[in-house]
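# Remarks on the overall topology
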Amino acid sequence: MDPAEDSFLSHLVELRDRLIRSLIAIGITFLCLFPWAKELYALLAQPLLATLPQGGQLIATDVVGVFLVPMKVALMVAFLITLPYVLFQIWAFVAPGLYAHEKRLALPLVGASVLLFFVGMAFAYFLVFPTFFGFMATVVPEHVAWMTDIEKYLSFVLTTFMAFGVTFEVPVIVVVLVHVGIVELGKLKEWRPYVIVGAFIVAAVFTPPDVISQLMMAIPLCLLFELGLFLARFVRRQAARTQPAEAADGDWQPLSGEEMQKALSELHPPDDKRKPDA
């Protein structure tokens, strides 16, 4: 068998094994949470239940919804609990192909991404949901029973969690864009007015149709963008300081323009400097 093909197959086998380990971990955690699926859904629905009028409650319009919806919540919680282990499996698969300086940057970025995503979800659960549901409770017309289906409530919660979780990833995205060289830091600073306008547009699309919820997404989005600019400047300075040390340790670094010209001149010296033929 060709060595390249053999190496490719070995990588596929390793990827399959790590995926299986991740699925097994999620499955075991889900089985452990299964007996408390109803309690988990009640905890997820607490922000809405706390603002419903007297006698208000969630309803189930689907025959099997009372069983499937709590199972989905338990599966979601199981995935969040095992997410560090899943990311470790991904890291163990990718890390051997990275340089030392790439590992030093990638590992903190992965950890920060997970932490910021959880912070975004917590922000939505503890601040956005009570504010939004409280506002909705004040605008309910008289003689209208304000209740919702448990499946629709779960869909609303997951969408909001995803929106705020991704929103809180903005600092990581900015750092990656600047470090990789896709966008210059100065260019991002020039785009600041457009980013502010875009933040309010994104908030209007992905949040409930009330001004307070939109502000609670747009304002953090702008602040997180500024945090990303600060961190990108810090990471770039650290990379500039560690570059000579990495070159001394044998880690590959791209040649500068001056070094490239010097290397080319040594390979192809001018005619007057070439040795005469014997």
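Residues numbered from 1 in each chain as written. Predicted model: local features only at pLDDT ≥ 70, side-chain atom pairs only at ≥ 80, totals over all residues. Heavy atoms only, no water.

It is worth spelling out the overall build of the chain at this point. Helix and strand content of the chain: 11 helices and 0 strands. For the chain, the succession of helices and strands along the chain, N to C, is α-α-α-α-α-α-α-α-α-α-α. A buried classification covers 31% of the 278 residues belonging to the chain. Long-range pairs, those at least 24 residues apart, make up 81% of the contacts in the chain with a sequence separation of at least 6. Here the chain has roughly 17,900 Å² of accessible surface; of this, 69% comes from carbon and sulfur atoms. (Helix = DSSP H or I, 4+ residues; strand = E, 2+ residues; numbered from the N terminus. Buried < 20%, exposed > 50% of the residue type's maximum accessible area, 1.4 Å probe, protein only. Contact = heavy atoms within 4.5 Å. Areas by Shrake-Rupley, 256 points an atom, 1.4 Å probe, with all protein chains shown as cover.)

With 55 residues, the main nonpolar core has Y41, Y153, F161, F164, V174 and L188 as its most contacted residues. It is helix α5 (residues 100-138) that contributes the most residues to this core, 12 residues altogether. Discounting chain neighbours no more than four positions away, the residues touching F161 are L44, F117, M121, A124, Y125 and F129. (Core = buried A, V, L, I, M, F, W, Y, C linked by side-chain atoms within 4.5 Å.)

For the rest of this paragraph, the subject is the packing of aromatic side chains. By the definition in use, this model includes 13 aromatic pairs. Where F30 meets F34, the ring centres are 6.4 Å apart and the plane angle is 70 degrees; that geometry is what we call edge-to-face. By relative accessible area, which is 38% here, F34 ends up partly exposed. Ring centres 5.6 Å apart and planes at 35 degrees place the aromatic pair F129 and F161 in the tilted group. Of this pair, F129 sits in helix α5 while F161 sits in helix α6 (residues 150-167), placing them 32 residues apart in sequence. F161 shares its class with F129; the two are buried. Taken together, Y41, Y125, F126, F129, F132, F133, Y153, F156 and F161 form an aromatic cluster joined through their ring pairs. (Phe/Tyr/Trp six-rings, centres within 6.5 Å; stacked < 30°, edge-to-face > 60°.)

So, about the side chain of T207. Take T207: it is sitting in the loop between α9 (192-206) and α10 (211-248). Among residues more than four places away in sequence, those in contact with T207 are F164, S213, Q214 and M217.

Okay, the packing of helix α4 (residues 65-94) against α6 next. Interaxial distance between α4 and α6 falls to 9 Å at its minimum, and their mutual angle equals 20 degrees. On the basis of the axis angle, α4 is roughly parallel to α6. Pair α4 / α6 crosses with left-handed handedness. Contacts between α4 and α6 involve G65, V66, V69, K72, V73 and M76 on the former and, on the latter, I150, E151, L154 and L158. (Axes fitted to C-alpha atoms, helices over the stretch in contact; angles between N-to-C directions. Parallel < 35°, antiparallel > 145°, perpendicular 65-115°, else oblique. Left-handed = near helix turned anticlockwise from the far one by under 90°.)

Bringing the confidence of the model for the chain into the picture now. For the chain, per-residue confidence averages 83 on the pLDDT scale, and 84% of positions sit at 70 or higher. The least confident element of the chain is helix α11 (residues 257-267), whose mean pLDDT is 65; the most confident is helix α2 (residues 37-44), at 94. (pLDDT = per-residue confidence, 0-100.)

Next up on the list: the pattern of salt bridges. One side chain can pair with another of opposite charge once the charged atoms of both are near each other. Within the structure shown, the criterion is met by 5 salt bridges. Residues K187 and E190 are paired through a salt bridge, measuring 3.7 Å at the closest nitrogen-oxygen approach. You can see K187 and its partner E190 sitting in helix α8 (residues 185-190), 3 residues apart, about one turn around the helix. Taking the relative accessible area as the measure of exposure, K187 reaches 38% and is therefore partly exposed. The exposure class assigned to E190 is exposed, which follows from its relative accessible area of 52%. Notably, a salt bridge pairs E226 with R192, separated by 2.5 Å at the nearest N-O pair. One end of the pair, E226, is in helix α10; the other, R192, is in helix α9, with 34 residues separating them in the sequence. Residue classification places E226 among the partly exposed positions, given a relative accessible area of 31%. (Salt bridge = Lys/Arg side-chain N within 4 Å of Asp/Glu carboxyl O.)

Another point: helix α7 (residues 170-180). When we look at burial in α7, the residues that qualify are V170, P171, V172, V174, V175 and V178. Following α7 by one or two positions, G181 has its phi on the positive side, about 95 degrees.

Attention now moves to the environment of V114. Of note, V114 is situated in helix α5. Taking the C-alpha atoms as reference points, V114 and E169, 55 residues apart in sequence, are found 8.8 Å from one another.

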